[in-house]
Amino acid sequence: MTDDIAMHQADLQNGILSHIDEAIEFHRAALLYPPGHLDRSIPLVYLAIILGYRFKQQGIPSDLDEATKLLCTAPLLFPVDHPHRSMSLDNLANNLRDRFQQWGVPCDFDGAFSITGLYYSLARLITLTDHRPPITLPSASETDSAVGCCI
């Protein structure tokens, strides 16, 4: 599966439209794993990223909405200190910002602002060394409330 993901990422960088559609279908198929299965979380994040990319290329509103909904659930699939959790939050904040810029829904702006704060808290945790004071992590309920309006 890792080689397939690398191939699809290279195609995305080259902007090959048929390969973008293939990558979307590839990652959709991986979502057939049951919720909670270890092999489900990464394809979910990649699917959301690819849908967001296709939205930027083609402007299909449903791609941005689907990507945002997927990213609303993604942070909850990873432990609080996992790098993919903060990456998912960052991507979600970017999608909410894009939706706000497209349609002007205040909730999207508020969500992007809240999630950006969570992202920086988590990113700081991941880069901390033992010589720095500990920080308080956002709880799962704080993450849930920050992403709640976009679902």
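Before reading on, note that the structure itself is shown above.
The present account deals with the structure reproduced in this document. (Residues numbered from 1 in each chain as written. Predicted model: local features only at pLDDT ≥ 70, side-chain atom pairs only at ≥ 80, totals over all residues. Heavy atoms only, no water.)

Looking at helix α2 (residues 17–30)
Part 1 of the argument: When the terminal C-alpha atoms of α2 are compared, their 20 Å separation across 14 residues agrees well with the 20 Å that a helix rising 1.5 Å per residue should span.
Part 2 of the argument: Considered for burial, the residues of α2 that qualify are I20, A23, I24, H27 and A30. Projected down its long axis, α2 shows its buried positions confined to an angular sector of 120°, all on one face. (Helix = DSSP H or I, 4+ residues; strand = E, 2+ residues; numbered from the N terminus. Expected span 1.5 Å × (residues − 1). Buried < 20%, exposed > 50% of the residue type's maximum accessible area, 1.4 Å probe, protein only. Arc of directions from axis to C-beta.)

Observations regarding the packing of aromatic side chains
Part 1 of the argument: Considering all chains together, one arrives at one aromatic pair under this definition.
Part 2 of the argument: Residues F55 and W103 carry aromatic rings whose centres are separated by 6.4 Å and whose planes lie at 45° to one another, so their mutual orientation is tilted. One end of the pair, F55, is in helix α3 (residues 38–58); the other, W103, is in helix α5 (residues 83–103), with 48 residues separating them in the sequence.
Part 3 of the argument: A relative accessible area of 7% places F55 in the buried class. (Phe/Tyr/Trp six-rings, centres within 6.5 Å; stacked < 30°, edge-to-face > 60°.)

Here's the deal with helix α4 (residues 61–73)
Part 1 of the argument: For α4, spanning 13 residues, the distance from its first C-alpha to its last is 19 Å, which sits close to the expected 18 Å at 1.5 Å a residue.
Part 2 of the argument: Within α4, the full set of buried residues consists of D63, L64, A67, T68, L70, L71 and C72.

A word on the packing of α4 against α5
Part 1 of the argument: Between α4 and α5, the least distance of the axes is 9 Å, while the angle of their chain directions is 145°. Of the two elements, α4 crosses α5, and the hand of that crossing is left-handed. Here P61, L64, D65, A67, T68, L71 and C72 of α4 come into contact with α5, specifically with S88, N91, L92, N95, L96, D98, R99, Q102 and W103.
Part 2 of the argument: For the contact of α4 with α5, the per-class residue count stands at eight nonpolar, five polar and three charged. (Axes fitted to C-alpha atoms, helices over the stretch in contact; angles between N-to-C directions. Left-handed = near helix turned anticlockwise from the far one by under 90°. Contact = heavy atoms within 4.5 Å. Nonpolar A, V, L, I, M, F, W, Y, C, P; charged D, E, K, R; others polar.)

Brief notes about the nonpolar core
Part 1 of the argument: Among the nonpolar cores identified, the biggest contains 22 residues, and I24, L47, L51, L70, L92 and I115 are the most heavily contacted of them.
Part 2 of the argument: Residue assignment for this core shows that the elements contributing at least two residues are α2, α3, α4, α5 and α6 (106–127).
Part 3 of the argument: Look past the residues within four positions of L70 in its chain and what remains in contact with it is L31, L44, L47, A48 and L51. (Core = buried A, V, L, I, M, F, W, Y, C linked by side-chain atoms within 4.5 Å.)

A look at the pattern of salt bridges
Part 1 of the argument: With the rule as written, the count across this model stands at eight salt bridges.
Part 2 of the argument: A salt bridge links R54 to D63; the nearest nitrogen and oxygen atoms lie 2.7 Å apart.
Part 3 of the argument: Given a relative accessible area of 13%, R54 falls into the buried group.
Part 4 of the argument: Its relative accessible area of 3% is what places D63 among the buried residues.
Part 5 of the argument: What emerges from the salt-bridge pattern is a single network uniting D21, R54 and D63. (Salt bridge = Lys/Arg side-chain N within 4 Å of Asp/Glu carboxyl O.)

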